[in-house]
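Observations on the model geometry
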Amino acid sequence: MQIVETARKTKETDIALKFNLRGKGVSDIATPINFFSHMLREFSVHGKFDVQLSAKSLDCDPHHLIEDTAIVLGQAFKEALGDKKGITRYGNIFIPMDDALCQCSIDISGRAYCVCKFDLKDERTSDFETVLVPHFYNTFAQNAGITLHIRQIEGFDTHHIIEASFKACARTLRMACAIDEANKDELPSTKGVL
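Residues numbered from 1 in each chain as written. Predicted model: local features only at pLDDT ≥ 70, side-chain atom pairs only at ≥ 80, totals over all residues. Heavy atoms only, no water.

**As for the pattern of salt bridges**
- Counted according to the given criterion, the structure contains six salt bridges.
- Residues Asp107 and Arg89 are paired through a salt bridge, measuring 2.6 Å at the closest nitrogen-oxygen approach. You can see Asp107 sitting in strand β6 (residues 100-107) and its partner Arg89 sitting in the loop between α2 (62-81) and β5 (90-97), a full 18 residues away along the chain. Just as Asp107 is buried, Arg89 falls in that class too.
- The closest approach of N and O atoms between Lys167 and Glu163, which form a salt bridge, is 3.3 Å. One end of the pair is Lys167 and the other is Glu163, both in helix α4 (residues 158-177) and four residues apart, which spans about a single turn. For the pair Lys167 and Glu163, one class covers both residues: buried. (Salt bridge = Lys/Arg side-chain N within 4 Å of Asp/Glu carboxyl O. Helix = DSSP H or I, 4+ residues; strand = E, 2+ residues; numbered from the N terminus. Buried < 20%, exposed > 50% of the residue type's maximum accessible area, 1.4 Å probe, protein only.)

**Here's the deal with the packing of helix α3 (residues 132-144) against α4**
- Two elements in contact, α3 and α4, have axes whose closest approach is 11 Å; the angle formed by their N-to-C orientations is 15°. Considered as vectors, α3 and α4 are oriented roughly parallel to each other. The chirality of how α3 crosses α4 is right-handed. Facing Val133, Phe136, Tyr137 and Phe140 of α3, the residues of α4 in contact are Ile162, Ser165, Phe166, Cys169 and Leu173.
- Its residues assigned to classes, the contact of α3 with α4 shows eight nonpolar, one polar and no charged. (Axes fitted to C-alpha atoms, helices over the stretch in contact; angles between N-to-C directions. Parallel < 35°, antiparallel > 145°, perpendicular 65-115°, else oblique. Left-handed = near helix turned anticlockwise from the far one by under 90°. Contact = heavy atoms within 4.5 Å. Nonpolar A, V, L, I, M, F, W, Y, C, P; charged D, E, K, R; others polar.)

**Remarks on empty space enclosed by the protein**
- Applying the stated rule across the entire model yields one cavity of 30 Å³ or more.
- As a volume, the largest cavity reaches approximately 30 Å³.
- Around the largest cavity sit Leu17, Leu40, Phe43, Val51, Leu53, Thr69 and Leu73, which together line it.
- Only α1 (34-47), β4 (50-57) and α2 provide two or more residues apiece to the lining of the largest cavity.
- For the lining of the largest cavity, the class distribution of residues is six nonpolar, one polar and no charged. (1 Å grid on protein atoms, 1.4 Å probe; cavity = no way out; pocket = protein on both sides within 12 Å on 5 of 7 lines; lining within 4 Å. Points joined across faces, edges and corners; volume = space filled by probe spheres on them.)

**Re α2**
- Along its 20 residues, α2 runs 29 Å from first to last C-alpha, staying within 8% of the 28 Å computed at 1.5 Å per residue.
- Across the 20 residues that make up α2, a large majority, 14, are buried.
- Measuring from the backbone nitrogen of His63 back to the side-chain oxygen at the start of α2 gives 2.9 Å, which picks out Asp61 as the cap.
- Phi turns positive, to about 60°, at Gly82, one or two residues after α2. (Expected span 1.5 Å × (residues − 1). Polar contact = N/O pair within 3.5 Å; in protein donor to acceptor, adjacent residues only side chain to side chain.)

In short, geometric facts, not functional conclusions.
Structure (structure tokens):
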């Protein structure tokens, strides 16, 4: 399964998602946080994931909205991978954006783990609370069942650092879930499971 439609409604948020793992990077994203919507569009374009997302906040708390969006996106990614046969499994990239440089490494392992290292000087960029960046990545990794290491190597512009990290995460996911044509019927694991 590569196209997943899912929803999550709580007392805090109302989220609907259609996610295509092997798309063209087409997105239709609506959240009440403009900068977050911008980052999700970057995620879609650079991962070549088609993303239709409507995320509404019912309690006006951006923490809950970003957390629940990460839950839904992570779960959809995991479901879209299906049995994981033939995937490359690993990905690693460095992405520059002007002053910013971010590195991302991913293992689609079935073992959820996340390490985020950022030095963001500003508490906000545009309408986005920067403390929520590591929270987004951790929640996504937990629900996708991946090991995710993402870090800022250089940078002083908060917008550039966060944007470089979203691009890096998307492109690394794209690498890791790409099909290894020479081994497309095999799981890339000595254990026989991922």
